[in-house]
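# Observations on chain architecture
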Amino acid sequence: MNDGASGRLYIDLDALRANYRAVQAQVAPALCGAVVKADGYGLGADVVAPIFAEEGCRDFFVTHQSEAIALRKSLGADVRIFVLNGLPIGSEAVFASNALIPVLNSADQVKAWAGHCQTTGSRLPCALQFDTGMTRLGLSLEDAAQIAGRTDLRAQMDLCLLISHLACADEGDNPTNALQVANFRAITALFPDVPASLSNSAATLLGDQFHHQIVRAGIFLYGGIFNGNPLMAPRPVVRLQARILQIRAVEGGVGVGYGLTQRTSRPTRLATLGVGYADGWPRALSGKGSAWAGDTRLPMIGRVSMDSITVDIGDTADGELREGDWVDLIGPAYDIEAVAADAGTISYELLTQLGARYRRVLIRGGEETSV
Ligand SMILES: *Cc1c(COP(=O)(O)O)cnc(C)c1O
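Note that the coordinates shown come from a computational prediction; the quantities given were computed from them, not determined experimentally.

This part is about the nonpolar core. Ranked by internal contacts, the top residues of the largest apolar core, which has 114 residues, are F52, F60 and W281. Among residues more than four places away in sequence, those in contact with W281 are L240, V275, G276, S290, M300, V304, I309, L329, I330, Y334 and V339.

This is the structure we're talking about:
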């Protein structure tokens, strides 16, 4: 049936589930928290988060207050939702009424949260983030000592998690990792009764000393791998297909697309596909990327347009592909890491840019449902 969609995005919830289980097994007895920021890395937080919750995940991490409020609606009261970007001063009541846990990143945020707890007479949960060497977000080591000594603050609020983040987790032998974990140990020692969390996906492979009580897994759950990770390969979660809008036979030497930046090198057949950069197919793939018909590579020719790309289908048998057929853009022959590498980016960026125009097809228990 042709419903007019010219791109379709398969999201394999069975793979998502398997990837969650793999991380949980890898880090046990630590717990696997799920990072579902940026709308679940572009796949839909309301789609992916319930799968992790079904697998027993109780700790969810998002970036913004708005993401957290939406997540609270879809997951109900039973889980903890941490807001990584911290507490926007003035939002204390919104956080409290949605039972959101702010990840406090500055002394001002700590003061505001403690003040709100005192005013309302409720000891509300919060986390503290420390900058142990990434120079991005969080309190300093000196702040840690100060806060640890403030028994009044500790009594006012319920400090439930200590967080830090590694700068070089995807480089296993980078000495920064050992330095950061040592800095973090110095901080966690100041709060002996408070659980801690340091690892993203890549850091789960650095060893037990990085796991602490909770890890924060993101990209691995969504099928992304990271540099030099032969130990643990995720199951692919995403498959992206584009529909053939038109097929034409052309002579050699014919310019294709905006600027006619590339010309056919032989008489061949071209197919125009209905996915472009507005759908998150990187414009940087102009002249470099490919689509695939099974195992047959269909090299892109010319620039990526807003809504379409053109590929050379001269290597397929005449009549094998027709107008209305689907070909793979991300699939078994061309996974998200390969696509990202060709586009000069990383799988994180590729996934989070996937557009809203696709027909989304969820795979659950092997069955497909369109959403
Ligand atoms: C995004 C993020 C994560 C998850 O990282 P992955 O590499 O996707 O596993 C964990 N912690 C923080 C603070 C993050 O910003």
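Picking up after the structure, the text goes on.
Right, let's talk about the sheet that holds strand β5 (residues 100-104) for a bit. With parallel pairing, 8 strands are arranged side by side in an open sheet as β8-β7-β6-β5-β4-β3-β2-β9. The open sheet has two edge strands with one neighbour each: β8 (196-197) and β9 (214-217). As defined by bridge partners, strand β3 (residues 59-62) adjoins strand β4 (residues 80-83) across 4 bridges and the pair is classed as parallel. Bridge assignment links D59 to a residue of β4, and that residue is R80. Across the sheet, helix α1 (residues 13-27) touches β2 (31-35) and β9, and the angle it forms with β2 is around 140°.

Below, the discussion takes up the environment of F191. Counting through the fold element by element, F191 comes out in the loop between α9 (175-188) and β8. Expressed as a C-alpha distance, the spacing of F191 and I51, which sit 140 residues apart in the sequence, is 33 Å.

Okay, the packing of aromatic side chains next. Ring pairs (aromatic) are described by centroid distance and by the angle formed between their planes. Counted according to the given criterion, the structure contains 8 aromatic pairs. Arranged with centres 6.2 Å apart and planes meeting at 40°, the rings of Y41 and Y348 form a pair that is tilted. Of this pair, Y41 sits in helix α2 (residues 37-41) while Y348 sits in helix α11 (residues 347-353); the two residues are 307 residues apart in sequence, bridging distant segments of the chain. Residue classification places Y41 among the buried residues on the basis of a relative accessible area of 6%. By way of ring pairs, the aromatic residues Y20, Y41, F52, Y222 and Y348 are connected into one cluster.

Here the focus is the environment of G289. With respect to the helices, strands and loops of the structure, G289 is situated in the loop between β13 (268-273) and β14 (290-293). For G289, a relative accessible area of 1% gives the class buried. Spatially, the C-alpha atoms of G289 and V311 are 9.2 Å apart, while their sequence positions differ by 22 residues. Excluding anything up to four places from it in sequence, G289 contacts R297, P299, M300 and Y334.

Turning our eyes to something else, we now look at the packing of α1 against helix α3 (residues 45-54). It is at 10 Å that the axes of α1 and α3 come closest, and there the two elements cross at 50°. Considered as vectors, α1 and α3 are oriented oblique to each other. Read as a crossing pair, α1 and α3 show a hand that is right-handed. Residues L13, L16, R17 and Y20 of α1 touch α3, and the partners they reach there are V47, V48, I51, F52 and E54. Broken down by class, the residue content of the contact of α1 with α3 amounts to 7 nonpolar, no polar and 2 charged.

What follows deals with the environment of K288. Within the secondary structure layout, K288 lies in the loop between β13 and β14. Residues within four places of K288 in sequence aside, it is in contact with R297 and D342.

On to the site of the ligand, then. Taken together, 13 residues lie around the ligand, and K37, Y41, S201, I219 and Y348 are the ones closest in. Between the ligand and S201, the relevant distance is 2.6 Å, taken from an oxygen atom to a side-chain nitrogen or oxygen of the residue. A distance of 2.6 Å separates an oxygen atom of the ligand from a polar side-chain atom of Y348. Tallied by class, residues from the shell around the ligand come to 6 nonpolar, 4 polar and 3 charged.

What counts, and where the lines are drawn
- Residues numbered from 1 in each chain as written.
- Predicted model: local features only at pLDDT ≥ 70, side-chain atom pairs only at ≥ 80, totals over all residues.
- Heavy atoms only, no water.
- Core = buried A, V, L, I, M, F, W, Y, C linked by side-chain atoms within 4.5 Å.
- Buried < 20%, exposed > 50% of the residue type's maximum accessible area, 1.4 Å probe, protein only.
- Contact = heavy atoms within 4.5 Å.
- Pairing = 2+ DSSP bridges.
- Helix = DSSP H or I, 4+ residues; strand = E, 2+ residues; numbered from the N terminus.
- Axes fitted to C-alpha atoms, helices over the stretch in contact; angles between N-to-C directions.
- Phe/Tyr/Trp six-rings, centres within 6.5 Å; stacked < 30°, edge-to-face > 60°.
- Parallel < 35°, antiparallel > 145°, perpendicular 65-115°, else oblique.
- Left-handed = near helix turned anticlockwise from the far one by under 90°.
- Nonpolar A, V, L, I, M, F, W, Y, C, P; charged D, E, K, R; others polar.
- Near = heavy atom within 4 Å.
- Polar contact = N/O pair within 3.5 Å; in protein donor to acceptor, adjacent residues only side chain to side chain.

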